[in-house]
Amino acid sequence: ADVSGGGAISALRAAFARSPRVAYVPVPVAAPVAAPVAYVEPMPVRYDASYHLDAGDRLRVVVYGQEGLTNTYSISAGGTITMPLIGAVPARGRTPQGLAAEIAARLRNGFIREPSVAVEVESYRPFFILGEVQAPGQYPYVPNMTAESAVAIAGGFSPRARKDRVTITHTDASGTSRAVMP
């Protein structure tokens with residue numbers, strides 16, 4: 001794992017990028033068609049592009065050539081990881097790439113001449129789903145998760161659920177916000 005996104009994810013991304021795109025071509029019919037139908041290609045989603053770290057995330061930090069520093073670290077409730085030599089490093093709100101850059105900068109400051117650091121999320125902090133779903137509770141986060149996939153993970157809507165909207169609660173450094181989404 002490196003900060004350039006190598007490994008299986010990159011291989012899959014490259015394979016999908018090489019696959020041909022098939023456009024929908026309407027077939028003429030004898031009866032008039034009310035409206036033309038066209039295929040619109042979905043917007044590409046970068047895997048885990050904007051994930052920001054927080055307490056509960058478990059990280060694999062690799063410092064190449066330094067076995068004593070390469071390890072798995074959990075982000076504490078205070079939002080830091082504690083590493084040998086450099087101590088507590090703030091992780092809350094950073095991306096994995098930003099954290100890798102911070103660790104490399106601290107190691108470069110008197111410990112290692114040219115450190116090469118990679119940070120990978122080994123396990124994500126959980127999310128919670130409440131309300132009219134079959135099995136409300138705590139579930140493991142999946143990268144690029146949508147509200148629809150979260151409901152599916154929780155067993156789908158209950159019979160009494162309002163299926164036309166959900167309320168999403170998000171907490172970050174600026175506080176807690178709620179949004180009602182269709």
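Residues numbered from 1 in each chain as written. Predicted model: local features only at pLDDT ≥ 70, side-chain atom pairs only at ≥ 80, totals over all residues. Heavy atoms only, no water.

## A word on the overall build of the protein chain
Part 1 of the argument: A count of helical and extended segments in the protein chain gives 3 helices and 9 strands.
Part 2 of the argument: Sorting the 182 residues of the protein chain into buried and exposed places 24% on the buried side.
Part 3 of the argument: For the protein chain, the proportion of contacts with a sequence separation of at least 24, taken over those separated by at least 6, is 38%.
Part 4 of the argument: Total accessible area on the protein chain is roughly 12500 Å²; 58% of this is exposed by carbon and sulfur atoms. (Helix = DSSP H or I, 4+ residues; strand = E, 2+ residues; numbered from the N terminus. Buried < 20%, exposed > 50% of the residue type's maximum accessible area, 1.4 Å probe, protein only. Contact = heavy atoms within 4.5 Å. Areas by Shrake-Rupley, 256 points an atom, 1.4 Å probe, with all protein chains shown as cover.)

## A word on the packing of aromatic side chains
Part 1 of the argument: Under the counting rule described, the total for this entry stands at 4 aromatic pairs.
Part 2 of the argument: Ring pairs connect the aromatic residues Tyr51, Tyr124 and Tyr141, which therefore count as one cluster. (Phe/Tyr/Trp six-rings, centres within 6.5 Å; stacked < 30°, edge-to-face > 60°.)

## Some thoughts on the sheet that holds strand β2 (residues 71–74)
Hydrogen bonds between backbone atoms are what pair the strands of a sheet, whose relative direction is either parallel or antiparallel.
Part 1 of the argument: The strand order across the open sheet formed by 3 strands is β2-β1-β5, and the pairing between neighbours is antiparallel. Each having just a single partner strand, β2 and β5 (117–123) make up the two edges of the open sheet. Adjacent strand axes in the sheet meet at a mean angle of 30 degrees, parallel and antiparallel pairs treated alike.
Part 2 of the argument: Strand direction decides the pairing type here: strand β1 (residues 58–63) and β5, joined by 6 bridges, are antiparallel. The partner of valine 61 across the bridge, within β5, is valine 119. (Pairing = 2+ DSSP bridges. Axes fitted to C-alpha atoms, helices over the stretch in contact; angles between N-to-C directions.)

## Topic: the pairing of strand β6 (residues 126–129)
Part 1 of the argument: With burial as the criterion, only one face of β6 is covered, namely that bearing Phe127 and Ile129; the residues Pro126 and Phe128 on the opposite face remain uncovered.
Part 2 of the argument: The pairing of β6 with strand β7 (residues 137–140) spans 4 bridges and is classified as antiparallel. Within β7, the position partnered with phenylalanine 128 by the bridge is glutamine 138.

## Some points on the environment of tyrosine 124
Part 1 of the argument: With respect to the helices and strands, tyrosine 124 occurs in the loop between β5 and β6.
Part 2 of the argument: Note: C-alpha distance between tyrosine 124 and aspartate 57 (67 residues apart in sequence) is 4.8 Å.

## Notes on the pattern of salt bridges
Part 1 of the argument: One pass over the structure, following the stated rule, counts 7 salt bridges.
Part 2 of the argument: Between arginine 58 and glutamate 122 there is a salt bridge, and its shortest N-O distance comes to 3.3 Å. Placement of the pair is arginine 58 in strand β1 and glutamate 122 in strand β5, with a sequence separation of 64 residues.
Part 3 of the argument: Connected through salt bridges with shared partners, the residues Arg94, Glu102 and Arg106 form a single ionic network. (Salt bridge = Lys/Arg side-chain N within 4 Å of Asp/Glu carboxyl O.)

## What about the nonpolar core?
Part 1 of the argument: In this structure, Leu59, Val61, Ile81, Leu99, Ile103 and Val117 are the most contacted members of the largest nonpolar core, which totals 23 residues.
Part 2 of the argument: When contributions to this core are tallied by element, the ones reaching two or more residues are β1, β3 (80–83), α2 (96–108) and β5.
Part 3 of the argument: It is α2 that contributes the most residues to this core, 5 residues altogether.
Part 4 of the argument: Grouped together as the second largest cluster of nonpolar side chains are 8 residues, Phe127, Tyr139, Met145 and Val151 included. (Core = buried A, V, L, I, M, F, W, Y, C linked by side-chain atoms within 4.5 Å.)

## Structural notes on α2
Part 1 of the argument: Here α2 spans 18 Å end to end across 13 residues, near enough to the 18 Å set by a 1.5 Å rise per residue.
Part 2 of the argument: Listed in full, the buried residues belonging to α2 are Pro96, Leu99, Ala100, Ile103, Ala104 and Leu107. Along the axis of α2, the buried positions cluster into a sector of 135 degrees, meaning they face one direction only.
Part 3 of the argument: For α2, the elements touching its buried residues are β1, β3, β4 (87–90) and β5.
Part 4 of the argument: Phi turns positive, to about 100 degrees, at glycine 110, one or two residues after α2. (Expected span 1.5 Å × (residues − 1). Arc of directions from axis to C-beta.)

## As for the environment of threonine 169
Part 1 of the argument: Note that threonine 169 resides in strand β8 (residues 166–172).
Part 2 of the argument: Each C-alpha atom of the pair threonine 169 and valine 180 lies 8.9 Å from the other, and the pair is 11 residues apart in sequence.
Part 3 of the argument: The contact partners of threonine 169, leaving out residues within four places of it in the chain, are Thr176, Ser177 and Arg178.
Part 4 of the argument: Within the structure, threonine 169 has its side chain in polar contact with the side chain of arginine 178 (distance 3.3 Å). (Polar contact = N/O pair within 3.5 Å; in protein donor to acceptor, adjacent residues only side chain to side chain.)

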